[in-house]
Amino acid sequence: RMTPDLLLMDVHMPEMDGVEATREIRRRERALSRPATPIIALTANAMSHDVRSYLEAGMDDHLSKPVRQRDLERVIEKTLARAEPDAHTTLDSSSAAAS
């Protein structure tokens, strides 16, 4: 069974919003003694109190919509570096485009 390296979580979804989904993911990770999967919030609401609620729910960072590629690359690199400090993976947009 594969586990993702990182999740991009839309904050506003039908049925269960991204904050609630993140809380559930974190609950399951704790119950199964699994390491936390990094989660980045995608949202149009980036006021400081909104961002604080995303972080309190267990998200690792956030990106404001509309998302720009360079911002996405930056926050993914930053989040993965915090999750795995020994990993030296970087995103190279030219090699990613060639893939």
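Quick caveat, the model's predicted, so the values are computed rather than measured. (Residues numbered from 1 in each chain as written. Predicted model: local features only at pLDDT ≥ 70, side-chain atom pairs only at ≥ 80, totals over all residues. Heavy atoms only, no water.)

S.K.: Can you break down the pairing of strand 2 (residues 39-43) residue by residue, with the values?
M.R.: For strand 2, a buried count of 5 out of 5 residues is recorded, marking the element as mostly surrounded by other parts of the structure. Neither face of strand 2 is exposed, since I39, A41 and T43 on one face and I40 and L42 on the opposite face are all buried. Chirality of the crossover, the property in question, places the unit of strand 1 (residues 7-10), helix 1 (residues 18-31) and strand 2 among those that are right-handed. Relative to strand 3 (residues 61-64), strand 2 runs parallel, the two sharing 4 bridges. When the sheet's bridge partners are listed, T43 is paired in strand 3 with S64. You can see the chain leave strand 2, run along helix 2 (residues 48-57) and come back into strand 3, and the turn it takes is right-handed. (Buried < 20%, exposed > 50% of the residue type's maximum accessible area, 1.4 Å probe, protein only. Helix = DSSP H or I, 4+ residues; strand = E, 2+ residues; numbered from the N terminus. Right-handed = clockwise from strand over helix to strand, strands pointing away. Pairing = 2+ DSSP bridges.)

S.K.: Hey, could you go over the layout of surface pockets for me, with residue numbers and the actual values?
M.R.: With a probe scaled to a water molecule rolled over the atoms, the places where space remains empty come into view. Taken as a whole, the largest pocket encloses approximately 470 Å³ of empty space. Along the wall of the largest pocket there are 17 residues; nearest its centre are T3, P4, E29, R34 and T37. Considering every element that reaches the lining of the largest pocket, the biggest residue donor is helix 1, with 3 residues. Residue composition of the lining of the largest pocket, by class: 9 nonpolar, 2 polar and 6 charged. (1 Å grid on protein atoms, 1.4 Å probe; cavity = no way out; pocket = protein on both sides within 12 Å on 5 of 7 lines; lining within 4 Å. Points joined across faces, edges and corners; volume = space filled by probe spheres on them. Nonpolar A, V, L, I, M, F, W, Y, C, P; charged D, E, K, R; others polar.)

S.K.: Summarise the nonpolar core; cite the residues concerned and give the values.
M.R.: The nonpolar side chains of soluble globular proteins are, as a tendency, buried together. In terms of nonpolar packing, the biggest core is built from 9 residues, these being M9, V11, V19, A21, I39, A41, Y54, A57 and M59. Those elements that provide at least two residues to this core are helix 1, strand 2 and helix 2. If we skip the residues at most four places from it in the chain, A41 touches M9, V11, Y54, M59, D61, H62 and L63. Listed in part, the 6 residues of the second largest apolar core include I40, L63, V75 and I76. (Core = buried A, V, L, I, M, F, W, Y, C linked by side-chain atoms within 4.5 Å. Contact = heavy atoms within 4.5 Å.)

S.K.: Which residues make up the sheet that holds strand 3, and what values go with them?
M.R.: Read across the open sheet, the 3 strands follow the order 1-2-3; overall the sheet is parallel. Each edge of the open sheet carries a strand with a single partner, namely strand 1 and strand 3. Strand-to-strand twist of the sheet, defined as the mean angle between neighbouring strand axes without regard to direction, takes the value 30°. Contacts between helix 1 and the sheet are confined to strand 1 and strand 2, with strand 1 contributing the most and set at about 140° to the helix. (Axes fitted to C-alpha atoms, helices over the stretch in contact; angles between N-to-C directions.)

Don't take any of this as a statement about function, it's just geometry.
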